[in-house]
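Now for the letters of each chain:
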Amino acid sequence: QVQLVESGGGLVQPGGSLRLSCAASGFSLDYYAIGWFRQAPGKGREALACISNYDGNKNYADSLKGRFTISKDKGANMVYLQMNNLKPEDTAVYFCARGDYYCSSSAQRFTYWGQGTQVTVSS
């Protein structure tokens, strides 16, 4: 019943922008937090941002502040991640995930995950 599907990834040159989408179904964004995470090859899962009615918008990395922005369209059950000024170090698989009512930077608190979308930043 609960599904999360990411889209919008691809290959982009350094300094470019991408907008990732997370389509949620089987639940309402009124009651659950949605987080964005990424995982580069050979590395652990890194929290990027989170959004919920209780916490609002959260950012979890200083290096991303001012470059990555999370937003949602409650009526469409969609969550977005706008990524600007992309760098090669941003290359990773990007995931959206559902937690409980509250935002968290801990991946363990998110129990439903999408399959991920690949983002490659290269010249």
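As shown above, the structure is provided for reference.
The model shown is predicted, which means the values in this text are computed figures rather than measured ones.

Draft legend 1. Structural context of the state of the cysteines. For the structure on display, the rule yields two disulfides. Cys-22 shares a disulfide with Cys-96; S-S distance 2.1 Å. The disulfide joining Cys-22 to Cys-96 has a torsion of about 75 degrees about its S-S bond and is therefore right-handed. Residue Cys-22 is located in strand E3 (residues 18-25), and its partner Cys-96 is located in strand E9 (residues 92-98); the two are separated by 74 residues in the primary sequence. Neither Cys-22 nor Cys-96 differs from the other in exposure class; each is buried. The side chain of Cys-50 participates in a disulfide bridge whose partner is Cys-103; the two sulfur atoms lie 2.1 Å from each other. What sets the handedness of the Cys-50 and Cys-103 disulfide is the S-S torsion sign, and at about -90 degrees it is left-handed. Of the two residues, Cys-50 sits in strand E5 (residues 45-52) while Cys-103 sits in the loop between E9 and strand E10 (112-113), which places them 53 residues apart along the sequence. The residues Cys-50 and Cys-103 share a single accessibility class, namely buried. Shown here for the protein is a disulfide pattern of 1-3, 2-4, where each number marks a bonded cysteine counted in sequence order.

Draft legend 2. Representation of the sheet that holds E3. Here we have four strands laid out as an open sheet, ordered E1-E3-E8-E7, and antiparallel in their pairing. One side of each edge strand has no neighbouring strand; the edge strands of this open sheet are strand E1 (3-7) and strand E7 (68-73). Across the sheet, the axes of successive neighbouring strands diverge by a mean angle of 15 degrees, strand direction being ignored. With five bridges connecting them, E1 and E3 associate as antiparallel partners. The residue bridging Gln-3 from the neighbouring strand is Ser-25, located in E3.

The rules we used
- Residues numbered from 1 in each chain as written.
- Predicted model: local features only at pLDDT ≥ 70, side-chain atom pairs only at ≥ 80, totals over all residues.
- Heavy atoms only, no water.
- Disulfide = S-S within 2.5 Å.
- Helix = DSSP H or I, 4+ residues; strand = E, 2+ residues; numbered from the N terminus.
- Buried < 20%, exposed > 50% of the residue type's maximum accessible area, 1.4 Å probe, protein only.
- Pairing = 2+ DSSP bridges.
- Axes fitted to C-alpha atoms, helices over the stretch in contact; angles between N-to-C directions.

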